[in-house]
Amino acid sequence: MAYQIEVCNQLEPFFDEPRIWDSLSGGIAFRESAWLHPWWQHLGNGYQAYLVVAKKPSGQICGLLPLYRKTTAAGRTLCFLGDGNTCTDYVSILTRPDEAKHVGESIGRFLAENSSGGSNAWDLIDIDGIVEGDVGMTALATGLNHGGATIHTVSRMRTWFKPADASWDEHLKHYGKTHRRKMRRMREKLAPEGPIERLFAKTESEVDEYLSALIEMHQRRWNSDGQPGSFADPNFCSFIRDAAKRFLQNDRLYLNLLRYEGRNISAELNFVGENRVLYSYSSGYDLDSAKLEPGRLCTIDVLLELYRSNLAGIDFMRGDEAYKTRLASSSRRVLRMRVAPPAFVPRLRHAAWCTGFEVKQWVRKRTGRTPLETVDLTFPGTAASNPA
């Protein structure tokens, strides 16, 4: 099928009536308007919307690639909505699974063919948060490749998914006897008669209160290591509060707070997708309560929520922390794709960038650090336009 592809520089009409947008999100929380609209409102200032729209001959919208355009050292750069410090995972073309391959390739060819000159021109595509195996993004890369663009894809970390077992008791069978005993003791602490007070946000005022507690604990932990922390930007804090309240309105927020003797000891922010997956986005714990293992208590409470609410599983998202392996999660690589258009100057810049990348890889090897993984994102059998 031939698709009509066009670029729209206005996002508000789609967000004001998000039915089409959300119907194409595949049930993944971070592709929905409830996540991307507040991001655009609070963190998209100064950027130009670059929404690629695919339509059938009938005029029906069947695909959306939500990008924005900004100016960088490489020139006019296209990025995905929700990127940067937000660390949005599962970015993709919004489309039906049975149309993902054809829509993706069509959009890729369109972008390659319209990269120079005109209002749709671009000098670089830089998209982070692609999860390995995504058909739409693999098709997009293939279409770009066929259009003559040069693609370089790397993986720095993985995302981790734990499917729900038939019950909590079945879940415990993944662990050894000592670990099972410890998890049962910690669950007892979370029981109504236990010493840990368990709270979860049911109103917007509670969202504000519990998020403030999470942010304070999160920032204190990272600041103690000399790091700014995820919530150092006030605009990011405003975005996350807005997004949390939107998911609350749809009854798809799980923001829990644990207290011990009246003191906040841990909190975790989770979003539930229409696909019934609970996405573990951010957490915080009290450094002065380390003996209580507040982080582990919070994780157990979230795992129990899978069975309380009959969810499909929990996605711990990007990051290769050891506890994700211990929880019997399976992993997939998170990818960052860099694309240079089929034009001389952008290709020259890309070649210089690739040289710098290889130097950094060499330094990593020499200093004992693991080099980044390079990945061919295109479909098997697709000839790379540039092996770099």
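Computed from a predicted structure; not experimentally measured.

1. Considerations on the packing of aromatic side chains
- A complete count under the given rule lists 19 aromatic pairs for this structure.
- Both rings, one in F30 and one in F271, keep their centres 6.1 Å apart while their planes meet at 80°; by these two values the pair is edge-to-face. Note that F30 is positioned in the loop between α2 (19-23) and α3 (33-43) and F271 in strand β10 (residues 263-272), a separation of 241 residues in sequence. Accessibility classification places F30 together with F271 in one group, the buried group.
- Aromatic pair W39 and Y68: ring centres 5.6 Å apart, planes at 35°, arrangement tilted. Taken together, the positions of W39 in helix α3 and Y68 in strand β3 (residues 61-72) put the pair 29 residues apart, joining distant regions of the chain.
- With a relative accessible area of 2%, W39 lands in the buried category.
- Its end group placed over the ring of F200, K202 keeps NZ or CZ at 5.0 Å from the ring centre.

2. A few points about helix α10 (residues 294-308)
- The terminal C-alpha atoms of α10 lie 21 Å apart, and with 15 residues this matches the ideal 21 Å at 1.5 Å per residue to within 8%.
- With 11 of 15 residues buried, α10 lies mostly within the body of the structure.
- Those residues of α10 lying buried are P294, L297, C298, T299, I300, D301, V302, L303, L304, E305 and L306.

3. What to know about the environment of E216
- Take E216: it is sitting in helix α8 (residues 204-224).
- Judged by relative accessible area, which is 47%, E216 ranks as partly exposed.
- Taking the C-alpha atoms as reference points, E216 and C62, 154 residues apart in sequence, are found 42 Å from one another.

4. Considerations on a nonpolar patch on the surface
- Where nonpolar side chains cluster on the molecular surface, the patch consists of F344, V345 and L348 and spans about 330 Å² of accessible area.
- In this structure, V345 sits in helix α12 (residues 344-366).
- Residue V345 is classed as partly exposed on the basis of its relative accessible area of 44%.

5. A closer look at a positive patch on the surface
- A cluster of like positive charges, contributed by K177, R181, R184, R185 and K189, occupies part of the molecular surface.
- Tracing the sequence through the fold places R181 in helix α7 (residues 177-190).

6. What to know about the packing of helix α4 (residues 100-113) against helix α5 (residues 135-146)
- Across the interface, α4 lies against α5 with an axial gap of 6 Å and an inter-helix angle of 35°. Taken as a pair, α4 and α5 cross one another with a handedness that is right-handed. Seen from α4, the contacting residues are A100, K101, G104, E105, I107, G108, R109, L111 and A112; seen from α5, they are V135, G136, A139, L140, T142, G143, L144 and H146.
- Residues of the contact of α4 with α5, tallied by class, amount to eight nonpolar, six polar and three charged.

7. Observations concerning unusual backbone geometry
- In this structure, E293 takes a positive phi of about 55° despite not being glycine.
- Considering the arrangement of structural elements, one finds E293 in the loop between β11 (277-285) and α10.
- Residue classification places E293 among the partly exposed positions, given a relative accessible area of 28%.
- Although it is not a glycine, N310 sits at a positive phi angle of roughly 55°.
- Here N310 lies in the loop between α10 and β12 (313-318).

8. Quick word on the pattern of salt bridges
- In this structure the tally under the stated criterion is 29 salt bridges.
- Across the pair R96 and D98 runs a salt bridge whose closest N-O atoms are separated by 2.9 Å.
- For R96, a relative accessible area of 44% translates into the label partly exposed.
- Between D286 and R263 there is a salt bridge, with its nearest N and O atoms 3.3 Å apart. Highlighted residues: D286 in the loop between β11 and α10 and R263 in strand β10, separated in sequence by 23 residues.
- Given the relative accessible area of 36%, R263 is considered partly exposed.

What counts, and where the lines are drawn
- Residues numbered from 1 in each chain as written.
- Predicted model: local features only at pLDDT ≥ 70, side-chain atom pairs only at ≥ 80, totals over all residues.
- Heavy atoms only, no water.
- Phe/Tyr/Trp six-rings, centres within 6.5 Å; stacked < 30°, edge-to-face > 60°.
- Helix = DSSP H or I, 4+ residues; strand = E, 2+ residues; numbered from the N terminus.
- Buried < 20%, exposed > 50% of the residue type's maximum accessible area, 1.4 Å probe, protein only.
- Lys NZ or Arg CZ within 6 Å of the ring centre and 35° of its normal.
- Expected span 1.5 Å × (residues − 1).
- Patch = residues over 30% accessible without salt bridge, like charges linked within 9 Å, V, L, I, M, F, W, Y side chains within 5 Å.
- Areas by Shrake-Rupley, 256 points an atom, 1.4 Å probe, with all protein chains shown as cover.
- Salt bridge = Lys/Arg side-chain N within 4 Å of Asp/Glu carboxyl O.
- Lys, Arg positive; Asp, Glu negative; His and termini not counted.
- Charge placed at Lys NZ, Arg CZ, Asp CG, Glu CD.
- Axes fitted to C-alpha atoms, helices over the stretch in contact; angles between N-to-C directions.
- Left-handed = near helix turned anticlockwise from the far one by under 90°.
- Contact = heavy atoms within 4.5 Å.
- Nonpolar A, V, L, I, M, F, W, Y, C, P; charged D, E, K, R; others polar.

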